[in-house]
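Chain and residue survey
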Amino acid sequence: MSYQVPQHIDKNKIFLVNRSEIENRLDPLYYGSDFTKFFKHPFSVRLKEVCVKIFSGFGAGKNEQTTKDDGYIQIRPTNIDNDGFLKYEKNVYVPLHKDIPFVKKGTVLFNNTNSQEWVGKTALLMDETQLYTSNHITSITVDSNKLIPDYLWIVFNIYQRNKVFYSICTNWNNQSGVGIDLLQSVKVPILPIATQQKIVEYYNAAYSEKQKRESRAQQLLESIDTYLLNELSVSLPEIRNELKDRMFLLNRSELEGRFDPTVYKDGIKLISPKWDNVTLSKVAFVNPGGAYKGKNAETPISFVPMEVVDEVFSEITTMEETYIEQSSGFTKFKEGDLLWAKITPCMQNGKSAIARNLTNGLGCGSTEFFVLRPKDERLAIEFLHVILHMKCVRETAMLYFGGSAGQQRLSSSFLENFTLPLPPREKQIEIANHVYEMRQQAKALQEEGKAILERAKREVESMIINVN
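We now turn to the structure provided with this report. (Residues numbered from 1 in each chain as written. Predicted model: local features only at pLDDT ≥ 70, side-chain atom pairs only at ≥ 80, totals over all residues. Heavy atoms only, no water.)

**Concerning helix α6 (residues 193-222)**
Compared with the 44 Å implied by 1.5 Å per residue over 30 residues, the 42 Å span of α6 between its first and last C-alpha is a close match. Of the residues making up α6, those classed as buried are Gln196, Ile199, Val200, Tyr203, Ala206, Tyr207, Lys210, Arg213, Ala217, Leu220 and Leu221. Next to the buried residues of α6 lie α3 (149-161), α7 (224-232) and α14 (425-465). (Helix = DSSP H or I, 4+ residues; strand = E, 2+ residues; numbered from the N terminus. Expected span 1.5 Å × (residues − 1). Buried < 20%, exposed > 50% of the residue type's maximum accessible area, 1.4 Å probe, protein only. Contact = heavy atoms within 4.5 Å.)

Laid out in structure tokens, this is it:
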């Protein structure tokens, strides 16, 4: 008769393991995880049985790196996105290593060392290119007669999402990892090649649909500035870089407290021949005070750190709560104020949002926010928001940065002296509402794409697990 858990013990907090199931580990997390539904699959084999070659890359400190012009990309964990695709946004380049071969097309790239929840992120090199991998990436070449590399890539990302690698990884030097020996012992469900191919095609089709929607969303977002310029009847100057265009004359009266040529050569002014043009300080307060006037120190208020401000859709995603008495040292604002980041890279990335639905209509947040508030009905805050989020405005603001390279900030004088077209309030609202609708359409497309891929992930997992 097998052992029975006593009734007074919560069965959700205890589990039983047969001695025959112990695999040289005694940590409960390993056996209590959900990985058994994969490892006990009727067609599962250990990776080493289908692996032709497996090795980790090499480390390269800053003094061992080089530039894009004379180096090669070294794939690191940051080059793998949450869906398991390679991204080449913040690359590290290393010089040619004649004794180390480049990674070949079809290689499965496994993130072997990271924080515990990210160990196991896996990518697939789908292109014929020249690149290396860091020591945090394990390259896997499989026997294609038994296992399609694309299929292994899908399986390993399913494992990562199901915390399989989270459960089996070991810890050292404040990081977690899955070494080569442990990785080779991982079991993989080996389905018939035709079934593997079907799974790969289904998954790739879903990802293709996701990409199509994301592309349409990006086109919508990128068209917002064109829409605004057309509505404001503003024409941006043509960019020319010939020698004669790099030299210009400026009247002393045109100087704005700065002497760096790029401010005057590359800075954009939104001057409209159709609408009145006003200096922002005439119609809005920059960093106004008095948000908490007459309020009790124990009044609950919202707290908005920089990280909860979405830079693409320009909105606050979540809010915490604090009290007025705990707001000392933070930026203070109230319902309807515009928060606009002043520091690099937050400002140029577009971190700004109108403070809405604040607790008791009040809030505090990052010291790196400017706060803008209309002086009267001439300016709609929604209109100001879409204007200041324009890429050409943010690029011009970058020319006014001050401070050290790592902590550059914008002075409030840029906003105070900023000139913007000012249509009638009704027109401002119309323009702002249209931009909001465009952003909502883009967001809906992105969410559709995510839903398609997430559904495919669940269905692929079911296809693998439920094969008998």
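From this point, the narrative continues.
**Some points on the sheet that holds strand β15 (residues 300-304)**
Reading across the sheet, the four strands line up as β18-β15-β22-β19 and stay open at both edges, with mixed pairing between neighbours. The strands lining the two open edges of the sheet, one partner per strand, are β18 (320-323) and β19 (331-334). Between one strand axis and the next, the sheet turns through 40° on average, direction left out of account. Judged from the four bridges that link them, β19 and strand β22 (residues 362-365) form a sheet pairing that is antiparallel. Of the residues in β22, the one forming a bridge with lysine 334 is leucine 362. (Pairing = 2+ DSSP bridges. Axes fitted to C-alpha atoms, helices over the stretch in contact; angles between N-to-C directions.)

**Quick word on the layout of surface pockets**
Sizing a probe to match a water molecule and rolling it over the atoms shows the empty space that remains. There is about 1600 Å³ of room inside the largest pocket. Lining the largest pocket are 39 residues; nearest its centre among them are Gln218, Leu221, Glu311, Val312 and Gln446. When residues of the lining of the largest pocket are traced back to their parent elements, those giving at least two are α6, α7, β16 (309-310), α10 (346-349), α12 (391-398) and α14. Sorting elements by how many residues they give to the lining of the largest pocket places α14 first, with six residues. Looking at the lining of the largest pocket residue by residue, the classes come out as ten nonpolar, ten polar and 19 charged. (1 Å grid on protein atoms, 1.4 Å probe; cavity = no way out; pocket = protein on both sides within 12 Å on 5 of 7 lines; lining within 4 Å. Points joined across faces, edges and corners; volume = space filled by probe spheres on them. Nonpolar A, V, L, I, M, F, W, Y, C, P; charged D, E, K, R; others polar.)

**Examining the sheet that holds strand β2 (residues 51-56)**
Sheet architecture is open: four strands sit in the order β2-β9-β5-β7, paired in antiparallel fashion. Unpaired on one side and paired on the other, β2 and β7 (122-124) mark the two borders of the sheet. Neighbour-to-neighbour, the strand axes of this sheet turn through a mean angle of 20°, independent of strand direction. The sheet contact formed by strand β5 (residues 108-111) and β7 spans three bridges and is antiparallel. Along β7, the bridge assignment pairs valine 108 with leucine 124.

**So, the packing of α3 against α6**
Between α3 and α6, whose axes approach to 9 Å, the crossing angle comes to 65°. In this view, α3 runs roughly perpendicular relative to α6, as classed from their interaxial angle. Classified by chirality, the crossing of α6 by α3 is left-handed. Contact residues: α3 offers Asp150, Tyr151, Trp153 and Ile154, while α6 offers Gln196, Ile199, Val200, Tyr203 and Asn204. (Parallel < 35°, antiparallel > 145°, perpendicular 65-115°, else oblique. Left-handed = near helix turned anticlockwise from the far one by under 90°.)

**Description of the nonpolar core**
One broad trend across soluble globular proteins is that nonpolar side chains are buried collectively. Counting residues in each nonpolar core, the largest one holds 49 residues, and the members touching the most others are Leu270, Leu280, Trp340 and Leu372. At six residues, helix α11 (residues 381-388) tops the list of elements feeding residues into this core. For leucine 280, the residues in contact, after removing those within four places along its chain, are Leu372, Leu379, Leu384, Leu415, Glu416, Phe418 and Leu420. (Core = buried A, V, L, I, M, F, W, Y, C linked by side-chain atoms within 4.5 Å.)

**Structural notes on the packing of aromatic side chains**
One pass over the structure, following the stated rule, counts 16 aromatic pairs. When the centroid spacing of 6.0 Å and the interplanar angle of 35° are considered together, the rings of phenylalanine 156 and tyrosine 159 count as tilted. In this pair, phenylalanine 156 and tyrosine 159 are both assigned in helix α3, three residues apart and thus about one turn of the helix distant. Look at tyrosine 400 and phenylalanine 414: their rings are 5.0 Å apart centre to centre, the planes differ by 50°, and that puts the pair in the tilted class. Within this pair, whereas tyrosine 400 is found in the loop between α12 and β24 (401-402), its partner phenylalanine 414 is found in helix α13 (residues 412-417), the two being separated by 14 residues in sequence. Just as tyrosine 400 is buried, phenylalanine 414 falls in that class too. Over the face of the ring belonging to tyrosine 166 we find lysine 163, whose NZ or CZ atom lies 4.4 Å from the ring centre. Note that lysine 342 overlies the ring of phenylalanine 370, its terminal NZ or CZ placed 4.8 Å from the centroid. (Phe/Tyr/Trp six-rings, centres within 6.5 Å; stacked < 30°, edge-to-face > 60°. Lys NZ or Arg CZ within 6 Å of the ring centre and 35° of its normal.)

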